[in-house]
Structures are given as structure tokens and as C-alpha cells.
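Below, each chain spelled out in residue letters.
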Amino acid sequence: MVSPNMATGQAFGSSYKWRWIPSNMEKYERFKNTLLHGEDWGLGHRYFAIYWIDFGREDGGGHDDDKDTNRLYSPMFENSPVLHAERNLLEHLRLLWSVVMKNKVCSITIFQNASPCNSCSKCYGRQLATMKDEMPRGMDLEITVIFSSFYNVRQPSCIRQQHYHLQDVSEVHSRNNLSELRKLKDAGIGLRTTGYEDWVHLQKALQLPNTYHDQAYKLSARKREDDTLREDLSILLG
């Protein structure tokens, strides 16, 4: 019997190639647990990205976070052998952009389980700059990228604690990734690490019940990791 979370790949004679398709709960757990401090990066890691758009009201009333009446969630995107998750996300956003531009005020929040690599940061910068150039006069656009771990960055907290996985993160890769993140920040794109409200929003995006209550979060390893990431980001990017 085939699990509902398995999908067939290409068939070769009587043999089948199977590919694991995670459920929304598994995607959420992957976001929450990806590379908690000290884990190694490996080829087996899967990277996910999702975004949501908040459309502001022209009367200045802002967004309604409780009811999400002005929020549009995207599908979840992941890396493939050909493209990183960020590239797939940007292609989807590009197709929606003509609709988004009809709104006077909006914010785009991108949530991913690892900070973008230097190549994907460049893609973000180029496409988001193009989007801003195409905006109609008077449109107000805010863009934020949130991540729940660093990708190939030598974090100050890891250096202080001499984590063994630092041997797998070269100085060159770390500098390149940080350099492109700084360019995004300088271009006016918000960069931050995860907090409790982001996990609540991610549950809503994945249509999951809110089982991660504030008190449980405060006692969790995820809370400690979020605090460490926030401190590291402040040191690295100022």
C-alpha cells in the first residue's frame, strides 16, 4: 500500500522511483527544526520558501491580521535539482505582479527556512528592483525576508562556542553570502529572523491549527534558537 505522502516518479520497466512529498505538518516541522544550532549542512536538506501579501486599505485602516481578510498566501516552494526554492517563489510572484500592482498599499513577506545564498540574494535584488520600477506612481510597497536559520554563514554564536560544523562553512562562502544580504538590506528590503508571530502566520499559511501556543514557545528550543539568530543577525548586519 502506498503512503499518501509518496508520489511516483518515472517508471522504468517494473521498477518505480519514489519521491517523498511532505504533508503541510511535515513542512511546518521542517521549517521549525531546520538546522537548529550545531547541525551540519548536507545535501539531504530540503529548503522551503513561502510568501504572503498583505493588501492595505486605502482609508488608512491597515491590515486585519486576526481575520486575514486582506492577506493572500502563496503555495509552498522548495528546492529542486534545477532551481533553489527562492527562484521558484520569485517566478510565482512575477506572474502575480500585474494583479498586485492594482493595490495602492501592500507588503510582501517572504518566509524561508534558510537565509538566501549569495546567488538567490542577487536574484531577489534584481527582481524586486524591477518590481519597484514597474510600480504605478503613489504605490506603497514594503518587502521583508524572514528566515529560520542561516545558510553557510559563520555565525558569531557558533564561533564563540567553537561548533564543530564551522569546518564545513568556508570564510569565502560566508563572506559572499553576507555581502549579498547586506546589499538587500541597503536596497530597503527588510531582513529579520523568526519570532513567535511568524510561526503563527506560517501555521495559517499551511492551514494548520494553532497548536504552538505562546507559553510552549517560550519554553522551546526554537525560542532559544530564534533569540540566538536575532543576536547573530544584529552583529553580522548591524
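The coordinates are above.
The paragraphs below set out a description of the structure included in this document. (Residues numbered from 1 in each chain as written. Predicted model: local features only at pLDDT ≥ 70, side-chain atom pairs only at ≥ 80, totals over all residues. Heavy atoms only, no water.)

## Focus: the packing of aromatic side chains
Consideration 1: For the structure shown, the criterion picks out 10 aromatic pairs.
Consideration 2: Each ring, one from Tyr196 and one from Tyr217, has its centre 5.4 Å from the other, and the planes form 45 degrees; the classification is tilted. Taken together, the positions of Tyr196 in helix α6 (residues 196-205) and Tyr217 in helix α7 (residues 214-218) put the pair 21 residues apart, joining distant regions of the chain. The exposure classification of Tyr196 matches that of Tyr217, with both residues buried.
Consideration 3: Of the aromatic side chains, those joined through ring pairs into one cluster are Tyr28, Phe31, Phe48, Trp52, Tyr73, Phe111 and Trp199. (Phe/Tyr/Trp six-rings, centres within 6.5 Å; stacked < 30°, edge-to-face > 60°. Helix = DSSP H or I, 4+ residues; strand = E, 2+ residues; numbered from the N terminus. Buried < 20%, exposed > 50% of the residue type's maximum accessible area, 1.4 Å probe, protein only.)

## Description of the packing of helix α2 (residues 85-100) against helix α3 (residues 118-134)
Consideration 1: Packing of α2 against α3 brings their axes to within 10 Å, and their N-to-C directions diverge by 10 degrees. Classified by the angle their axes make, α2 and α3 are roughly parallel. Seen from α2, the contacting residues are Glu86, Arg87, Leu90, Leu93, Arg94 and Trp97; seen from α3, they are Ser119, Cys120, Cys123, Tyr124, Gln127, Met131 and Glu134.
Consideration 2: Grouping the amino acids of the contact of α2 with α3 by side-chain chemistry returns seven nonpolar, two polar and four charged. (Axes fitted to C-alpha atoms, helices over the stretch in contact; angles between N-to-C directions. Parallel < 35°, antiparallel > 145°, perpendicular 65-115°, else oblique. Contact = heavy atoms within 4.5 Å. Nonpolar A, V, L, I, M, F, W, Y, C, P; charged D, E, K, R; others polar.)

## Details of helix α5 (residues 171-186)
Consideration 1: The end-to-end C-alpha separation of α5 is 22 Å, in line with the 22 Å expected for 16 residues at 1.5 Å each.
Consideration 2: Of the residues making up α5, those classed as buried are Ser174, Asn177, Leu178, Glu180, Leu181 and Leu184. The buried residues of α5 occupy an angular sector of 160 degrees when projected down its axis, which confines them to one face. When the buried face of α5 is taken as reference, the exposed residues oriented beyond 90 degrees from it are Arg175 and Asp186.
Consideration 3: Gly188 sits one or two residues past α5 and shows a positive phi near 95 degrees. (Expected span 1.5 Å × (residues − 1). Arc of directions from axis to C-beta.)

## Some details on the pattern of salt bridges
Consideration 1: With the rule as written, the count across this model stands at 10 salt bridges.
Consideration 2: The partner of Glu180 in a salt bridge is Lys183, and the shortest N-O contact between them spans 3.2 Å. Placement of both Glu180 and Lys183 in helix α5 is noted, with a separation of three residues, approximately one turn of the helix.
Consideration 3: Overlapping salt bridges, with partners in common, bring together Lys223, Asp227 and Arg230 in one network. (Salt bridge = Lys/Arg side-chain N within 4 Å of Asp/Glu carboxyl O.)

## Points about the pairing of strand β3 (residues 48-55)
Consideration 1: Most of β3 sits inside the fold, with eight of its eight residues counted as buried.
Consideration 2: A two-sided burial pattern is seen for β3, the buried positions comprising Phe48, Ile50, Trp52 and Asp54 on one face and Ala49, Tyr51, Ile53 and Phe55 on the other.
Consideration 3: Two strands pair when backbone bridges link them, and β3 and strand β5 (residues 77-78) are joined in this way by two bridges, in the antiparallel orientation. By the bridge assignment, Phe48 is partnered in β5 with Glu78.
Consideration 4: Taken together, the seven bridges between β3 and strand β6 (residues 105-112) define a ladder with antiparallel strand orientation. (Pairing = 2+ DSSP bridges.)

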